[in-house]
Amino acid sequence: HEVVVRRTKFELSEAQKRAHILEGLLIALDHLDEVIKLIRASNTPEDAREGLIAQFGLSDIQARAILDMTLRRLTGLERDKIKDEYETLMKLIDYLNSILADE
């Protein structure tokens, strides 16, 4: 029983971490022109990271994920993949929370 609970908590934590990053990527894709302008105007990657955090209310982890993102992820198809993954993760998070609530 406690193995199931521990494993479910671990899976929930991992899903929440990934969902948090995807939320940041979706914010960046929704404001793509401003994000690119901010990054290009920044003198260093650290300035770009701090600018993303300040301007878009992102966490450090989200800002780093945006800066690590490759240009091919900016296509419409990739945006749809990110959104689909996010929606799937949110369903998984709800499911895992329901398992833990029953314990």
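How each quantity is defined
Residues numbered from 1 in each chain as written. Predicted model: local features only at pLDDT ≥ 70, side-chain atom pairs only at ≥ 80, totals over all residues. Heavy atoms only, no water. pLDDT = per-residue confidence, 0-100. Helix = DSSP H or I, 4+ residues; strand = E, 2+ residues; numbered from the N terminus. Buried < 20%, exposed > 50% of the residue type's maximum accessible area, 1.4 Å probe, protein only. Contact = heavy atoms within 4.5 Å. Axes fitted to C-alpha atoms, helices over the stretch in contact; angles between N-to-C directions. Left-handed = near helix turned anticlockwise from the far one by under 90°. Nonpolar A, V, L, I, M, F, W, Y, C, P; charged D, E, K, R; others polar.

**Quick notes on the confidence of the model for the chain**
Low-confidence regions, as indicated by low pLDDT, have predicted coordinates that should not be scrutinised in detail. Confidence in the prediction of the chain, expressed as mean pLDDT, is 94, and 100% of residues score 70 or more. Per-element confidence in the chain ranges from a low mean pLDDT of 94 for helix H5 (residues 76-102) to a high of 98 for helix H3 (residues 45-56).

**Brief notes about the environment of methionine 69**
Positionally, methionine 69 belongs in the loop between helix H4 (60-68) and H5. According to the relative accessible area criterion, methionine 69 is buried, its value standing at 17%. Taking C-alpha positions, methionine 69 is 8.5 Å from leucine 25, a pair spaced 44 residues apart along the chain. Look past the residues within four positions of methionine 69 in its chain and what remains in contact with it is Leu25 and Leu74.

**What to know about the packing of helix H2 (residues 32-41) against H3**
Helix packing geometry: the angle between the two helix axes and the distance between the axes. At a minimum axis separation of 9 Å, H2 and H3 run at an interaxial angle of 145°. Handedness of the crossing formed by H2 with H3: right-handed. Residue-level contacts link Glu34, Val35, Leu38 and Ile39 of H2 to Ala48, Gly51, Leu52, Gln55 and Phe56 of H3. The residue makeup of the contact of H2 with H3, split by class, is six nonpolar, two polar and one charged.

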